[in-house]
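Descriptive analysis of the structure
Residues per chain are reported as follows:
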Amino acid sequence: AYITTYALLMLNTDAHSAQIKHKMTVDEFVRNNRGINGSEDLPREFLVTLYDRIVNNEIKMKDDDASAVAGAALGGAAGRRRKEQLYASEVARSVQKSQEL
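Rules used in this analysis
- Residues numbered from 1 in each chain as written.
- Predicted model: local features only at pLDDT ≥ 70, side-chain atom pairs only at ≥ 80, totals over all residues.
- Heavy atoms only, no water.
- Helix = DSSP H or I, 4+ residues; strand = E, 2+ residues; numbered from the N terminus.
- Buried < 20%, exposed > 50% of the residue type's maximum accessible area, 1.4 Å probe, protein only.
- Contact = heavy atoms within 4.5 Å.
- Areas by Shrake-Rupley, 256 points an atom, 1.4 Å probe, with all protein chains shown as cover.
- 1 Å grid on protein atoms, 1.4 Å probe; cavity = no way out; pocket = protein on both sides within 12 Å on 5 of 7 lines; lining within 4 Å.
- Points joined across faces, edges and corners; volume = space filled by probe spheres on them.
- Nonpolar A, V, L, I, M, F, W, Y, C, P; charged D, E, K, R; others polar.

So, on to the overall build of the protein chain. For the protein chain, the count of helices and strands is five helices and zero strands. Counting all 101 residues of the protein chain, 28% fall into the buried class. Of all intrachain contacts in the protein chain linking residues separated by at least 6 positions in sequence, the fraction that spans at least 24 positions is 54%. Surface summary for the protein chain: the accessible area is close to 7000 Å², and the carbon and sulfur share equals 52%.

Structure, rendered in structure tokens:
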């Protein structure tokens with residue numbers, strides 16, 4: 001689940017960042033995820049479904065979390081702890097979302 005979540009986050013960044021000029025194709029996404037299921041491949045249909053959902057529905061942080069990250073940037077050790085908490089929360093949400101897919 002963690003490798004799949006990471007792959008989905010990378011795809012999300014690739015698909016929705018204006019800074020990325022060459023967008024990952026579905027075939028590249030499938031190729032990049034070979035052997036991640038106990039050295040076996042996940043079904044292509046499953047990976048294509050994940051690809052389509054991420055490309056068509058960007059994963060975003062909630063507005064209040066984004067504001068909190070911006071505010072946390074201001075304050076030393078307390079700000080770092082808050083950023084770490086927000087990061088852990090976002091990773092947990094991403095894992096849950098990928099498991100739901």
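This part is about the layout of surface pockets. Rolled over the atoms, a probe with the dimensions of a water molecule shows which regions are left empty. Approximately 290 Å³ is the volume attributed to the largest pocket. Around the largest pocket, the lining is made up of 15 residues, and of these Leu9, Tyr87, Glu90, Val91 and Ser94 lie nearest the centre. Contributing elements (two or more residues each) for the lining of the largest pocket: helix H1 (2–16) and helix H5 (76–100). The greatest single-element share of the lining of the largest pocket, amounting to seven residues, is contributed by H5. For the lining of the largest pocket, the per-class residue count stands at 10 nonpolar, two polar and three charged.

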